[in-house]
Amino acid sequence: MDKKPNPFANAIDLFMKADFYNSENSIPFFFRFLNITILIIHIIIMIFSFYADATLLGVFNIGSILLYTICFIIISAKSYSLYFYITASEIILHSYIVSLVFSESMGFYLYLVLIVPVSYLCLYLSGTNHVVLKGTISSVVAFIVYNILYHITGYDRGMYKEIDETTTKLIHSFNSSLLFIILILVCVIIFNILTNYVGQLSSENVLLSDEANHDPLTGLNNRRLLDMEMDKKISLYNRNNTSFSILMCDIDDFKKVNDTYGHDEGDIVLKDIAKILHDCTRPGDFLCRWGGEEFLVILMNANSKEASLVAHRIRGAVEGHTFRLSMANINCTITIGIASIQKNMNKEDMYNLADVRLYKGKQTGKNKVVSE
């Protein structure tokens, strides 16, 4: 037998989802849910008022019920700020009157506490300006009324004293329990708003970090991240004598490709070279676009001889690759200069040494690997 859906449980489950606060219908749903909750509370207070022969208060609650019924129209019109001001004013006035009638001991004044978190939440969700200022003003007004009620009504100073102590305690327990339930719900909503906001910031920061550290064309690391990685590798070498080498790679006669076929076609070559570098190196190796048609590879735990093997593999893969441009299929070659870490070398020393050897390869015929 299928279980009947529980609307209240569904609402709580909905509030628990962070992505709820991104949906188009989330804000009107929240205000409708809040309005229904307040409406139910007033109906209960109205029934109790007539039961306790507090006719005037019962009539006042009928007016409040009619007011919150009209509020559904205000919510449908998306006048959320107006709804908040009406609600806050009614709660303050209602708490004042009901405490005068039934005394502070029944706990109706406790609903003033809700003004503080709910004011900020409602104003935030309504999209109004100066949320902090307006929320603070509303909270201060609630605080002032709260203290006035405490000093004027006091314990057992209400107009209706015929209500027995057991009923008084029961009503106080009901009001305080309902207050905590609503506060928990408000905290859940605020927590999920913060979670969603922090998640968005984290995603944006990851995206910005990725854009700041990677070449947008090839997806390889850029010079900024390379310098940080080189500092780490050199520090590791100085502590543990962990060797590494770098490959300075330059596409031969790349300018001719751009001049003949255009820069868009040249970009295809650059992206293919980046893929070849990925295919010819290990997952732990560091690949960087040095600039233009130049690339740099950091090979961990590789001496000059081991780096030469990788460099020749890259050179051969590039030479044997057919670059399929939209205008033609072409072949390219690459020249590579190698520098391996030595004692007292810094990153600039390694860059310069690899560049000198790269230049030597260019001067002696290109399509070469130079390691000394």
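Heads up: the structure comes first, above all this text.
Below is a summary of the structure that appears in this document. (Residues numbered from 1 in each chain as written. Predicted model: local features only at pLDDT ≥ 70, side-chain atom pairs only at ≥ 80, totals over all residues. Heavy atoms only, no water.)

Turning to empty space enclosed by the protein, a few remarks are in order. All chains considered together, the criterion is met by 1 cavity of 30 Å³ or more. Reported here for the largest cavity is a volume of approximately 30 Å³. Every residue lining the largest cavity is listed: Ile-44, Ile-45, Phe-48, Phe-108, Ile-171, Phe-174 and Asn-175. Elements with a contribution of two residues or more to the lining of the largest cavity: helix H2 (26-51) and helix H7 (165-213). Of the residues contributing to the lining of the largest cavity, the split by class is 6 nonpolar, 1 polar and no charged. (1 Å grid on protein atoms, 1.4 Å probe; cavity = no way out; pocket = protein on both sides within 12 Å on 5 of 7 lines; lining within 4 Å. Points joined across faces, edges and corners; volume = space filled by probe spheres on them. Helix = DSSP H or I, 4+ residues; strand = E, 2+ residues; numbered from the N terminus. Nonpolar A, V, L, I, M, F, W, Y, C, P; charged D, E, K, R; others polar.)

Turning our attention to the packing of H2 against helix H5 (residues 115-126). Angle between the axes and distance between the axes are the two parameters that describe a pair of packed helices. Their axes nearest at 10 Å, the elements H2 and H5 cross at an angle of 145 degrees. Crossing hand, H2 versus H5: left-handed. Touching Ile-27, Phe-30, Phe-31 and Leu-34 of H2 are Val-118, Leu-121, Cys-122, Leu-125 and Ser-126, all from H5. Taken together, the residues that form the contact of H2 with H5 break down as 8 nonpolar, 1 polar and no charged. (Axes fitted to C-alpha atoms, helices over the stretch in contact; angles between N-to-C directions. Left-handed = near helix turned anticlockwise from the far one by under 90°. Contact = heavy atoms within 4.5 Å.)

Looking at the secondary structure, you find Ser-139 in helix H6 (residues 131-152). What Ser-139 contacts, discounting residues up to four positions off in sequence, is Ile-115, Val-116, Ser-119 and Tyr-120.

Keep in mind these values describe shape, not function.
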